[in-house]
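# Notes for the structure review
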Amino acid sequence: MDLVLFGPPGAGKGTQAVRIREQLDVPQISTGDMMRAARREGTPLGKKFDEYMSAGKLVPDALVLELMKERLSKPDAAKGAIFDGFPRTVAQAEALDELLAEMGRKIDQVVVLEVPVEDIVDRVTGRRSDPTSGQVYHVRYNPPPAGLEVVQRKDDTEEVVRKRFQEYEANTMPVLPHYDAKGLVKRVDGVGSLDEVTERIRAALGA
Ligand code: ADP
Ligand code: ADP
């Protein structure tokens, strides 16, 4: 099963990917998480990612695709994956089709989490995470347990999230017609409790 979880920044892609991956028995592949890991290691590639991420701009396709090629060659991704935050451009979507075709696979479904922009700003600026486990919380909608030290991503400011949303509208929304033409897209209302959204996704997947 190869599933694309699609949607604007802060739509709940990561939160929901974690909730459905066990049932689907495939890993979550988040290009954002992979880039943040490279950044933490301080590699030259990580520094390059940081330039773009801090400004809320998309990382160039060639760099993203290099990461994805390597990730898909790992054994845990042999049977499928939940793609979270990828593809973000038409060129990435076309390259993903080719990569999967080489493995005798294809994207089976695309779920779009629809969330209005004002909720997005509210969600992203209130996002926090546990630096040890990576678990994502929200100061109001999914508060971390008392006493847990959580951190905020440096690109989760109102200014940068508005820039990221513009990038989404300009470069990422055009990916949808690519999948719509194949009849793969299911649109899901991303506003509601975490459980409600999970149920809607399960229903859309027929799972
Ligand atoms: P994405 O991976 O799409 O950027 P996240 O899963 O990190 O989004 O969610 C963004 C923020 O919104 C997080 O702080 C998360 O806890 C919160 N969040 C996720 N789903 C919901 C929801 N259904 N209602 C309110 N807040 C949510
Ligand atoms: P969110 O879903 O909250 O926007 P991500 O962690 O998916 O956050 O992405 C954070 C940043 O990482 C993006 O603003 C962008 O700079 C970079 N990034 C992540 N995935 C991609 C991708 N597939 N293509 C280009 N840039 C990416």
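One structure accompanies this document, and this report is about it. (Residues numbered from 1 in each chain as written. Chains lettered and ligands numbered in written order. Predicted model: local features only at pLDDT ≥ 70, side-chain atom pairs only at ≥ 80, totals over all residues. Heavy atoms only, no water.)

### Side note on the sheet that holds strand β3 (residues 81-84)
Put simply, the rule is: Each pair of strands is called paired provided DSSP finds at least two bridges between the two strands. Comment: elements are numbered from the N terminus, with helices defined as DSSP H or I runs of at least four residues and strands as E runs of at least two. An axis is simply a line fitted to the C-alpha atoms; with a helix, the fit covers only the stretch in contact. Between two such axes, the angle follows the N-to-C directions and lies from 0 to 180 degrees.
In spatial order, the strands read β2-β3-β1-β4-β7; together these 5 strands make up an open sheet with parallel pairing. Each edge of the sheet is formed by a strand with only one pairing partner; in this case those strands are β2 (28-30) and β7 (185-189). Strand after strand, the sheet turns through a mean of 25 degrees between neighbouring axes, direction not considered. Pairing analysis gives 4 bridges linking strand β1 (residues 2-6) to β3, with the strands arranged parallel. Pairing of L3 across the sheet is with I82, part of β3.

### Some thoughts on helix α5 (residues 90-102)
Spelled out, the test is: To estimate the expected span of a helix, subtract one from its residue number and multiply by 1.5 Å. For every residue, the accessible area obtained with a 1.4 Å probe (protein chains only) is divided by the maximum for its type, and the residue is called buried under 20%, exposed over 50%, and partly exposed between those limits. Relevant arc is that of directions from the helix axis to the C-beta atoms, nothing else.
End to end, α5 covers 19 Å across 13 residues, agreeing with the expected 18 Å (1.5 Å per residue, within 8%). Along α5, the positions that sit buried rather than exposed are Q92, A93, A95, L96, L99 and L100. Down the axis, α5 shows its buried residues gathered within 165 degrees of arc, on one side only. Residues of α5 that are exposed and angled more than 90 degrees away from the buried face: E98, A101 and E102.

### Observations concerning the site of ligand 2
For clarity, the threshold we go by: Residue proximity to a molecule or strand is established when one non-hydrogen atom of the residue lies within 4 Å of it. Under this definition, polar contacts are N or O atom pairs within 3.5 Å; protein pairs additionally need one hydrogen-donor-capable and one acceptor-capable atom, and for neighbouring residues in sequence, both atoms have to be side-chain atoms. Using the Shrake-Rupley algorithm and a 1.4 Å probe, accessible areas are obtained, with residue cover drawn only from the displayed protein chains. When residue character is reported, Ala, Val, Leu, Ile, Met, Phe, Trp, Tyr, Cys and Pro are called nonpolar, Asp, Glu, Lys and Arg charged, and the others, Gly included, polar.
Lining the immediate environment of ligand 2, one finds 20 residues, of which T31, R36, K57, R127 and R164 sit closest. Between ligand 2 and K57 there is a distance of 2.7 Å, counted from an oxygen atom to a backbone nitrogen or oxygen. In this structure, R88 approaches ligand 2 through a side-chain N or O atom, which is 3.0 Å from an oxygen atom. When ligand 2 sits alone it has 550 Å² of accessible area, and the protein chains cover 97% of it. Partitioning the shell around ligand 2 into residue classes produces 7 nonpolar, 5 polar and 8 charged.

### Looking at the site of ligand 1
In the neighbourhood of ligand 1, 18 residues make up the surrounding shell, with K13, T15, R127, Y137 and G192 lying closest. Between ligand 1 and K13 there is a distance of 2.8 Å, counted from an oxygen atom to a side-chain nitrogen or oxygen. When ligand 1 sits alone it has 560 Å² of accessible area, and the protein chains cover 92% of it. For the shell around ligand 1, the secondary structure elements donating two or more residues are α1 (13-24), β6 (136-138) and α9 (194-205). Across the shell around ligand 1, the residue classes break down as 7 nonpolar, 8 polar and 3 charged.

### A short note on the packing of aromatic side chains
Where we set the bar: Here a pair means two rings of Phe, Tyr or Trp (six-membered ring of Trp) with centres within 6.5 Å. Their orientation is stacked below 30 degrees between planes, edge-to-face above 60, and tilted elsewhere.
Taken as a whole and judged by the stated rule, the model has 3 aromatic pairs. On the basis of an interplanar angle of 35 degrees and a centroid distance of 6.1 Å, the ring pair of F165 and Y168 is categorised as tilted. With a gap of 3 residues between them, F165 and Y168 both fall in helix α7 (residues 158-172), about one helical turn apart. A relative accessible area of 15% places F165 in the buried class. Judged by relative accessible area, Y168 falls into the buried class, the value being 7%. Linked through ring pairs, F6, F165 and Y168 together constitute an aromatic cluster.

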